[in-house]
Amino acid sequence: MQFSSRFTIATHILVCVAMFQDTHKVTSNFLASSIQVNPVIVRNTLGLLSDAGLVEVKAGVGGAFLAKPAGEITLLDIFKAVEKEEALFHFHENPNPLCPVGRNIHSVMDKRLDDIQSAMERQMEETTLSRLVEETAERAQRG
């Protein structure tokens, strides 16, 4: 299974904003050069993060800033801001009711898939942006 890169790009953006907002003008071009993507992708992602109340963006070349402390932003907040699907798993809707597998696959799998998603969301909720910033800064200092 593979998700889009929206979540990792959004996380990269927020770590950059947190680390550089006090020392650099954090523009879409600045962020795009770090991520190595087109600035349009960054602007679109910043729009989603802004709509979710995670960043503030000043028009023109004003730059981006965190809208709340990094310790109050979790990976789950970021994920929900940029991934619009409610469920991680998209189950096929109409299995054959005449087949013993088709008739029972939803009752066998649905709760398990919900439990897997809940476990992932709990894990994401435990990781804050401030922790990611700390780890990134520590690794940057080591070279």
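Quick note: structure is the one above.
Each value, and the rule that gives it
Residues numbered from 1 in each chain as written. Predicted model: local features only at pLDDT ≥ 70, side-chain atom pairs only at ≥ 80, totals over all residues. Heavy atoms only, no water. Phe/Tyr/Trp six-rings, centres within 6.5 Å; stacked < 30°, edge-to-face > 60°. Lys NZ or Arg CZ within 6 Å of the ring centre and 35° of its normal. Salt bridge = Lys/Arg side-chain N within 4 Å of Asp/Glu carboxyl O. Helix = DSSP H or I, 4+ residues; strand = E, 2+ residues; numbered from the N terminus. Buried < 20%, exposed > 50% of the residue type's maximum accessible area, 1.4 Å probe, protein only. 1 Å grid on protein atoms, 1.4 Å probe; cavity = no way out; pocket = protein on both sides within 12 Å on 5 of 7 lines; lining within 4 Å. Points joined across faces, edges and corners; volume = space filled by probe spheres on them. Nonpolar A, V, L, I, M, F, W, Y, C, P; charged D, E, K, R; others polar. Axes fitted to C-alpha atoms, helices over the stretch in contact; angles between N-to-C directions. Parallel < 35°, antiparallel > 145°, perpendicular 65-115°, else oblique. Left-handed = near helix turned anticlockwise from the far one by under 90°. Contact = heavy atoms within 4.5 Å.

A.B. asks: I'd like a rundown of the packing of aromatic side chains, residues and numbers included.
C.D. replies: Under the definition given, this model contains 2 aromatic pairs. Between K58 and the ring centre of F65, over which it is positioned, the NZ or CZ distance is 5.2 Å.

A.B. asks: Tell me what's going on with the pattern of salt bridges, and back it up with residues and numbers.
C.D. replies: Summed over all chains, the structure comprises 4 salt bridges. In this structure, the salt-bridge partner of E134 is R131, at a minimum N-O distance of 2.7 Å. A residue pair is termed a helical-turn pair when its members lie 3 or 4 positions apart in one helix, as E134 and R131 do in helix α6 (residues 129-142) at 3 residues. Since its relative accessible area comes to 35%, R131 is described here as partly exposed. With a shortest N-O distance of 3.2 Å, R131 and E135 are connected by a salt bridge. On the criterion of helical spacing, the pair formed by R131 and E135 is a turn pair, its members being 4 residues apart in helix α6. Of the residues examined, E135 reaches a relative accessible area of 32% and is grouped as partly exposed. One salt-bridge network, in which partners are shared between bridges, spans R131, E134 and E135.

A.B. asks: Please give an account of the layout of surface pockets that cites residues and values.
C.D. replies: In this approach a probe as big as a water molecule rolls over the atoms, and the regions it shows empty are the leftover space. The space that makes up the largest pocket amounts to roughly 170 Å³. Every residue lining the largest pocket is listed: A87, L88, F89, H90, F91, E93, H106, D110, L113, D114 and Q117. Counted by class, the lining of the largest pocket contains 5 nonpolar, 3 polar and 3 charged residues.

A.B. asks: I'd like a description of the packing of helix α2 (residues 28-35) against helix α3 (residues 39-51), backed by residues and values.
C.D. replies: Think of two packed helices as two axes; the pair is described by the angle between the axes and how far apart they sit. Here α2 crosses α3 at 110 degrees, and the two axes come no closer than 8 Å. In terms of their interaxial angle, α2 and α3 are classed as roughly perpendicular. Like other packed secondary-structure pairs, α2 and α3 cross with a definite hand, here right-handed. Residues S28, N29, L31, A32 and I35 of α2 lie in contact with α3, whose contacting residues are P39, V42, R43 and L46. Across the contact of α2 with α3, the residue classes tally to 6 nonpolar, 2 polar and 1 charged.

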